[in-house]
Structures are given as C-alpha cells and as structure tokens.
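# Topology and contacts: notes
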Amino acid sequence: MRTLLALASLAVSLNISAQYGTFDPAAVKAAKAGTTVVVLDDGDSPYNRTIMDAVKNQWKFTTEVDFVKVGELAAQPIDPAKNYLLKTVKVDPVKFEGTFLTLVKGWKLKKGDALQAKGNAFTNIPSEQELAFLLIDPKSINENLNTGMLQIYVKHLQDYLKNVEGGKIMDKATADRLYAGRTRLIRDTELHLAQEHLDKSVPDLASVKENYTAPASIVALSGILGTVDAQDRTITVSDMLLTGEYKTKHCFKRIFNAGTGELMYLGDDAAIAGKKEGFLSTDLTNVARAR
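Worth saying up front: this structure is predicted, and the values here are computed from it rather than measured.

It is worth spelling out unusual backbone geometry at this point. With phi around 70°, Asn 120 is a residue other than glycine that occupies positive phi space. Looking at where Asn 120 falls in the secondary structure, it is placed in the loop between strand E6 (117-118) and strand E7 (121-122). Judged by its relative accessible area of 25%, Asn 120 falls in the partly exposed class. Of note in this structure, Asn 144 is not a glycine but carries a positive phi near 60°. Topologically, Asn 144 is positioned in the loop between helix H5 (138-142) and helix H6 (150-165).

Next comes the structure, spelled out in structure tokens:
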C-alpha cells in the first residue's frame, strides 16, 4: 500500500510540475522590458549549439539577449533587471529529480546566498522567480537524440507567457483547458509520430490507424527533427520522455505544432516494469475524440 501511495504521489507531483510557470500577467509584462541571459553549459555541448541557434532565430519575448556559461553565472550577482533562460533541477516529494528548461526573473540574492549547480542545471532557484518552465531530457539532448526539439521548447515557453499576459492562462486549470482545447486541431494537421516515441503495444501504422484515422505517419526521430527545422505549421510532431527508474519510471507524452511550437496534447502514465513507455492507443483515441 505504501508503494502504491508513493507512486500515486509521484504521478500527481510530476503532472503538476511538468510545465507551466507564473500566472501573473504583470510579472510577464515587466519581464519583457529586461534582457534575457541564456545560460549555456560549461565547455561545449550539443545543448549549447542548439539553444543558441534557437534563441537567435526564435526568441521574441525580449529584444536584448546575452549568453553566459553556468560557471560564469554562478560567480556573478544575479541582476533583478534581467531574465535568465537556464536549466533547473527540481525534486518531488518522493525524491525524484526532473530537469527543466526555465525562464527565470532575476532577483537580489541575500547576503551569503549563492546559486548552486548540478550537471549544468541550477538546484536552488526560488519557485516564485520562475516565469515559465518545461520538463526536458538533458541526456537525450546532449546525445543528439532530440536536440532539435529545443526550437519547439523555446517557442512553447513564449506561447505560454503570451497567454498568461493576455489573460487566457490564469491558473493551472485554465492552462490545462487551453491545451486541451487545441487537441482537436491536431486532426487538421498531419501527425508525425516518431517510431521511438511509440509504446511497444503500438508497433506500426496499422496499429495507429485502429484508433486514429486522421492523417498520420510514423517516422524516425531524425525525421521529426527535420520537420521541426522546416517549421511547417500543417504538421504536428510527437515528443516523449521517460523519467525515474524501474519502480518510479514515468512517461510524459506531448504533441506540438511543428511550426508554431504550440503545445496541443499532454499525456502521462506511470511506466512501471517496462510498460507504457510511449504513446499508447489511449493517447491516439484521446486525440481522435477531442472536441
């Protein structure tokens, strides 16, 4: 019973914290006037190269952008007049870690306080300073497996902020409704599902078509990244990441518009003992029946 309760707590905690950020439109509006500082990994990495390209090509939230390394930021004062796009690490109640791409509003550190970093991600960012965040998989990114999705993630964060500032997102419930309201629009696009994102119970296109009859293709993950590069708004793309280990493993599934970066579907399941590790028939049914 204790194990089941712990797993239930994990699922709720991760579902709450997998994305979102502030719900204060005034905070978003104020942040737009500042410079955005993009924090890069120490040394060189696929993350650095791709996030730099993504920000240079897609970042519209602020007009001024600077770049620093993790070590450089840790050695200098945080500027309350600036925003920081960086990686953060959060730990849920059962001690599971997740890494997030996070836009943070600068604040004045108290005397004696300092930023703490672990694996090029910061562990002690105050939650009240977070403007927008999204769960990511840094290991896959730095192994060049889904690095190109950073372009989508950068667009998504800005879309979230736009909807907070515009009053469409006022709390988690309204955010959930906004994204759920987009799900039906996936059927007006061609859905590209990466083979690597499908659960073993959905092995091929015939299995997909059993539950989803709108236009769809199964492609290699590299094909998804090529579609993202092309920024085709008529195509939606799958995204999937696994967190945790064996008894605490969780699978997060998302569908984004390849051109706009808009988040259009959210799903997550406990992926215990090697089960439910990817898009399931139920995910496809959810998209097919969305209204």
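Right, let's talk about helix H9 (residues 221-230) for a bit. Burial in H9 covers these residues: Leu 221, Ile 224, Leu 225, Thr 227 and Val 228. Looking straight down H9, one finds its buried side chains confined to an arc of 155°; they lie on one side. Residues of H9 that are exposed and point more than 90 degrees away from the buried face comprise Ser 222 and Ala 230. Residues of H9 that are buried sit in contact with H6, strand E9 (190-194), strand E10 (216-219) and strand E11 (235-243). Phi for Gln 231, located one or two positions after H9, is positive at around 55°.

Ile 51, Leu 101 and Tyr 153 are the most contacted members of the largest nonpolar core, which has 41 residues in total. Considering every element that reaches this core, the biggest residue donor is H6, with eight residues. Discounting chain neighbours no more than four positions away, the residues touching Tyr 153 are Leu 101, Leu 134, Ile 136, Asn 146, Asp 239, Arg 254 and Phe 256. Core analysis: the next-biggest nonpolar cluster, separate from the first, contains 18 residues, Leu 193, Met 264, Ala 271 and Leu 284 among them.

The interhelical angle for the contact between H6 and helix H7 (residues 172-183), taken along N-to-C directions, is 120°, at an axis separation of 12 Å. When you trace H6 past H7, the crossing you get is right-handed. Note on element contacts: H7 touches H6 through Leu 178, Tyr 179 and Arg 182, opposite His 156, Asp 159, Tyr 160 and Asn 163. Looking at the contact of H6 with H7 residue by residue, the classes come out as three nonpolar, two polar and two charged.

A few words on H6. Helix length check: H6, at 16 residues, gives a terminal C-alpha distance of 23 Å against a target of 22 Å (1.5 Å per residue), a fit within 8%. Trailing H6 by a residue or two, Gly 167 shows a phi angle of about 85°, which is positive.

Moving on, we get to the pattern of salt bridges. Scanning all chains against the criterion turns up 13 salt bridges. Residue Asp 159 pairs with Arg 182 through a salt bridge whose shortest N-O separation is 2.9 Å. Of this pair, Asp 159 sits in helix H6 while Arg 182 sits in helix H7; the two residues are 23 residues apart in sequence, bridging distant segments of the chain. Measuring nitrogen to oxygen at the nearest pair gives 2.7 Å for the salt bridge that ties Lys 172 to Asp 176. Remark: Asp 176 and Lys 172 occur in helix H7; sequence separation between them is four residues, near one turn of the helix. What makes Lys 172 partly exposed here is its relative accessible area of 25%.

Below, the discussion takes up the pairing of E9. A large share of E9 lies buried, amounting to four of its five residues. Two elements, E9 and E10, share four bridges in a ladder whose sense is parallel. The residue of E10 that forms the bridge with His 192 is Ser 217.

For the rest of this paragraph, the subject is the environment of Arg 177. The topology assignment puts Arg 177 in helix H7. Looking at Arg 177, the relative accessible area reads 55%, which means it is exposed. Put simply, Arg 177 and Ala 132 are 45 residues apart on the chain and 17 Å apart in space, counted from C-alpha to C-alpha.

Another point: the sheet that holds E9. Taken in spatial order, the five strands line up as E10-E9-E11-E12-E13 in an open sheet, and their pairing is mixed. The outermost strands of the open sheet, each flanked by one partner alone, are E10 and strand E13 (263-270). Strand-to-strand twist across the sheet, computed as the mean angle between neighbouring axes with direction ignored, equals 20°. Relative to E13, helix H10 (residues 281-289) is tilted by about 150°, and along the sheet it contacts E9, strand E12 (250-257) and E13.

For the rest of this paragraph, the subject is the packing of aromatic side chains. Scanning the model with the defined rule gives five aromatic pairs in all. Judged by centre distance (6.2 Å) and plane angle (55°), the ring pair of Tyr 153 and Phe 256 falls under tilted. In this pair, Tyr 153 sits in helix H6 while Phe 256 sits in strand E12, placing the two residues 103 residues apart along the sequence. For Phe 256, a relative accessible area of 0% gives the class buried. Within the aromatic cluster, the residues linked to one another by ring pairs are Tyr 20, Tyr 160 and Tyr 179. One residue, Lys 87, lies across the ring of Tyr 47, its end atom 4.0 Å from the ring centre. Positioned above the aromatic ring of Phe 100, the side-chain terminus of Lys 90 is 4.7 Å from the ring centre.

Calculation criteria
Residues numbered from 1 in each chain as written. Predicted model: local features only at pLDDT ≥ 70, side-chain atom pairs only at ≥ 80, totals over all residues. Heavy atoms only, no water. Helix = DSSP H or I, 4+ residues; strand = E, 2+ residues; numbered from the N terminus. Buried < 20%, exposed > 50% of the residue type's maximum accessible area, 1.4 Å probe, protein only. Arc of directions from axis to C-beta. Contact = heavy atoms within 4.5 Å. Core = buried A, V, L, I, M, F, W, Y, C linked by side-chain atoms within 4.5 Å. Axes fitted to C-alpha atoms, helices over the stretch in contact; angles between N-to-C directions. Left-handed = near helix turned anticlockwise from the far one by under 90°. Nonpolar A, V, L, I, M, F, W, Y, C, P; charged D, E, K, R; others polar. Expected span 1.5 Å × (residues − 1). Salt bridge = Lys/Arg side-chain N within 4 Å of Asp/Glu carboxyl O. Pairing = 2+ DSSP bridges. Phe/Tyr/Trp six-rings, centres within 6.5 Å; stacked < 30°, edge-to-face > 60°. Lys NZ or Arg CZ within 6 Å of the ring centre and 35° of its normal.

All we've got here are geometric facts, nothing functional implied.
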